[in-house]
Structures are given as structure tokens and as C-alpha cells.
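# Summary of structural features
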Amino acid sequence: MIAVTLAEQIIQLFIMMFCGYLLVRFGILKSSDSRPLSALLVYIITPCTILNAFQIEYTSEAASGFLLAVVSALLIHVLLFVIVYSLDRIFHFDSIEKASLIYSNAGNLIIPLVSAIHGEEWVIYASAFMIVQLFILWTHGRSLVEGRKAADFKAIVSNVNLIACVLGLIMFLLHIQLPPLLKSTVKSLGGVIGPVSMLMLGIILAGVDMKSIVKGKRIWVLSALKMILIPLAVMLVMKYCGITKMNPAGVTIIYISLMATMTPSASTVTQMAQLYGKDASMATAINTMTTLLCIGTMPLLTMIYYL
């Protein structure tokens, strides 16, 4: 059962995260030591994971599946915008809260889960969601957090993960395979994304004051919206709108896109909040709480999807 397998994989990842947490608690590392790991993830490990995902044999089924993944990612973001801005009339979100509800941690968590549950050949469909989210995050998301309307197109085109997506897609469409030695190296580097990302999260969480976070009622409301209500609403629309019938593997491809909406809020929102002098503490609190809750909510939502 997919939900059980997912729960097992998430528990494994959280054990890795706990190891990172213990390293800080026992004084071996400091919470600030997560920065080198973050740099490794952003500039080496994640790009290698994406490139490796596109190193599959080109088939018409895979190409049409990737197109379906892109279409579903676009549709999901439209739904996210409609739902969040509709809920804004009730909850009166600030810019950080809106960004945290819309954008998800679709890279570090989804890629290792998809690889473990479905196999490496399915990661290409997770990459499709990443491409769409990167464009929207660095246009709408950045302007929302910063409070300006101008889009940072330089940040988009220079994003190493987007470059890896585009390069991998070109190689996939042109039937280009990396030399065996380079391909093996890329695969090995990309294969550690799960352990490294979770160790990094554990190191970061060790420096967070959890008592002050759990005391805030609004954090619980926002977390419930992010991890249950919003992804559930998106899932029901995607499941019953007929889009899964557009490809023989449509049910699985759409599920991979939906997995991204089930993940915690994007850590990039926290980074943006720090960069532009906004409420980084709120962004961190939402990211922390949703990360802890996903161990239960992701398997539950997966079970509902496959009913």
C-alpha cells in the first residue's frame, strides 16, 4: 500500500533528521553549521538528482507523462492561488503567511520519497513540478515577500536547480546520455539528497525554540490549513476533474505532483524573509511546525487519494 510505504520512508527520513538534531544537542555541531550542508544541497546534490532523473530512455509515454506533470503543476498552482486568496478574506494573512501556504518544500523532501517509493525513473515528474514552482516562486513569491511588484528574472535564470532542469530536459528530448563515468558520479551525488537534507533540517530544528512555537494558536491554524485543508481541496479537484485519464500512468503522475502540495512550507520563504527584512521568525515557525506534522498528514492524504 502506497500510504504505508510512504509512512515508512518518512519515518526513515525523520530518524535521519533526529540524528542531526542530536549532533547539535550534544554539542558536536552548532545550528549555524547547517549552512555548508545547505550549500551542498543547492549547488551540487539537488542539481545532480535532477540531471539523473532525466537520464532515462526517451519514449513517447515518458514525454507525454512529463507534459502532463507540467500541466498538472500549473493547474495545482492556480488552485493554490484561488484557495489561499479566498481564505485570506477570513483569516487576513500577511505576506509571509500567504507565501508559506502557497509554496512547498517540493525538492529536498519529494525527490527522495518519489525515488524510494516509485523508483528513480519517476523523479522526472517531480522535476516538472519544481520547474513550475521555481518560476512562480521567484516572480510572485519574491514580490509578495519583498512587497514589490518587480519580478527577479535574474534570480530565475541563474537558479542552479532550474538550470539543471532545463539542461536535463534538453538532454532527454535530444536523447543525449552522459558518459558512463560521469553518469555514475552524478547518480551517486544525487543519491544522498535524502540523508543530507534531513540531517540539515535536524541541525536547524535544534536551534529553534519549539516551546514558543507550539504556544501560538495561529501557528496551529496555519499548519492545519497548509498540511490538511488546502492539499485536500487541491487533491479532490485533481482527482475528479478527469486529468488522470490523459495518460496511462496518470494516477501516479498526478499523485507525484500532489505530493508536493502535501509537503511542509518552502524553506525558501524563510530565506526570502531574512533577506528582505520581513518576519523571518513566523516563516521559520510555519516551516518547523509543518515539517513535524507531515509525518502524519502525508500518509493520511495519500490514503485518501488512493481510496
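About the thresholds
Residues numbered from 1 in each chain as written. Predicted model: local features only at pLDDT ≥ 70, side-chain atom pairs only at ≥ 80, totals over all residues. Heavy atoms only, no water. 1 Å grid on protein atoms, 1.4 Å probe; cavity = no way out; pocket = protein on both sides within 12 Å on 5 of 7 lines; lining within 4 Å. Points joined across faces, edges and corners; volume = space filled by probe spheres on them. Helix = DSSP H or I, 4+ residues; strand = E, 2+ residues; numbered from the N terminus. Nonpolar A, V, L, I, M, F, W, Y, C, P; charged D, E, K, R; others polar. Contact = heavy atoms within 4.5 Å. Salt bridge = Lys/Arg side-chain N within 4 Å of Asp/Glu carboxyl O. Buried < 20%, exposed > 50% of the residue type's maximum accessible area, 1.4 Å probe, protein only. Patch = residues over 30% accessible without salt bridge, like charges linked within 9 Å, V, L, I, M, F, W, Y side chains within 5 Å. Areas by Shrake-Rupley, 256 points an atom, 1.4 Å probe, with all protein chains shown as cover. Axes fitted to C-alpha atoms, helices over the stretch in contact; angles between N-to-C directions. Parallel < 35°, antiparallel > 145°, perpendicular 65-115°, else oblique. Left-handed = near helix turned anticlockwise from the far one by under 90°.

## Re the layout of surface pockets
Looking at the largest pocket, its volume works out to about 1300 Å³. Forming the walls of the largest pocket are 41 residues, and the residues nearest its centre are S38, V42, S267, T268 and Q271. Among the elements of the structure, α2 (34-53), α6 (123-146), α8 (160-173), α10 (193-205), α14 (267-275) and α15 (280-305) are those that each provide at least two residues to the lining of the largest pocket. The dominant element in the lining of the largest pocket, judged by the number of residues it contributes, is α2, at 8 residues. Classifying every residue of the lining of the largest pocket gives 18 nonpolar, 22 polar and 1 charged.

## Examining the side chain of Q133
Inspection of the secondary structure assignment puts Q133 in helix α6. When sequence neighbours within four positions are dropped, the list of residues in contact with Q133 reads H77, Y103, S104 and A106.

## Describing the pattern of salt bridges
Any two side chains of opposite charge can pair if their charged atoms end up close together. All chains considered together, the criterion is met by 4 salt bridges. Taking the shortest distance from any N to any O, the salt bridge between K187 and E120 comes out at 3.8 Å. Highlighted residues: K187 in helix α9 (residues 180-190) and E120 in the loop between α5 (110-117) and α6, separated in sequence by 67 residues. With relative accessibility at 42%, the residue K187 sits in the partly exposed group. According to the relative accessible area criterion, E120 is partly exposed, its value standing at 36%. Put simply, E146 and R142 hold a salt bridge, and the shortest N to O gap is 3.0 Å. Within this pair, E146 and its partner R142 are both found in helix α6, separated by 4 residues, close to a single helical turn. The two residues E146 and R142 agree in class, both being buried.

## Structural notes on a nonpolar patch on the surface
Together, Y58, V166, I170, L173, L174 and I176 make up a nonpolar patch on the protein surface, roughly 510 Å² of accessible area in all. Mapped onto the fold, L174 is located in the loop between α8 and α9. Owing to a relative accessible area of 56%, L174 belongs among the exposed residues under this scheme.

## Details of the packing of α2 against α8
In the contact formed by α2 and α8, the axes pass within 9 Å of each other and the chain directions differ by 20°. Overall, the two elements α2 and α8 adopt an arrangement that is roughly parallel. Judged by the sense of rotation from one axis to the other, the crossing of α2 with α8 is right-handed. For the pair formed by α2 and α8, the contact residues are V42, Y43, T46, P47, I50 and L51 on the first element and V160, N161, A164, C165, L167 and G168 on the second. For the contact of α2 with α8, the residue count by class is 9 nonpolar, 3 polar and no charged.

## Observations concerning the packing of α6 against helix α13 (residues 250-262)
For the pair α6 and α13, interaxial distance at closest approach is 9 Å and the crossing angle is 50°. By the angle between their directions, the pair α6 and α13 is classed as oblique. Judged by the twist between their axes, the crossing of α6 over α13 is right-handed. For the pair α6 and α13, contact is made by Y125, A126 and F129 and by I253, I256, S257 and A260, respectively. Within the contact of α6 with α13, the residues separate by chemical class into 6 nonpolar, 1 polar and no charged.

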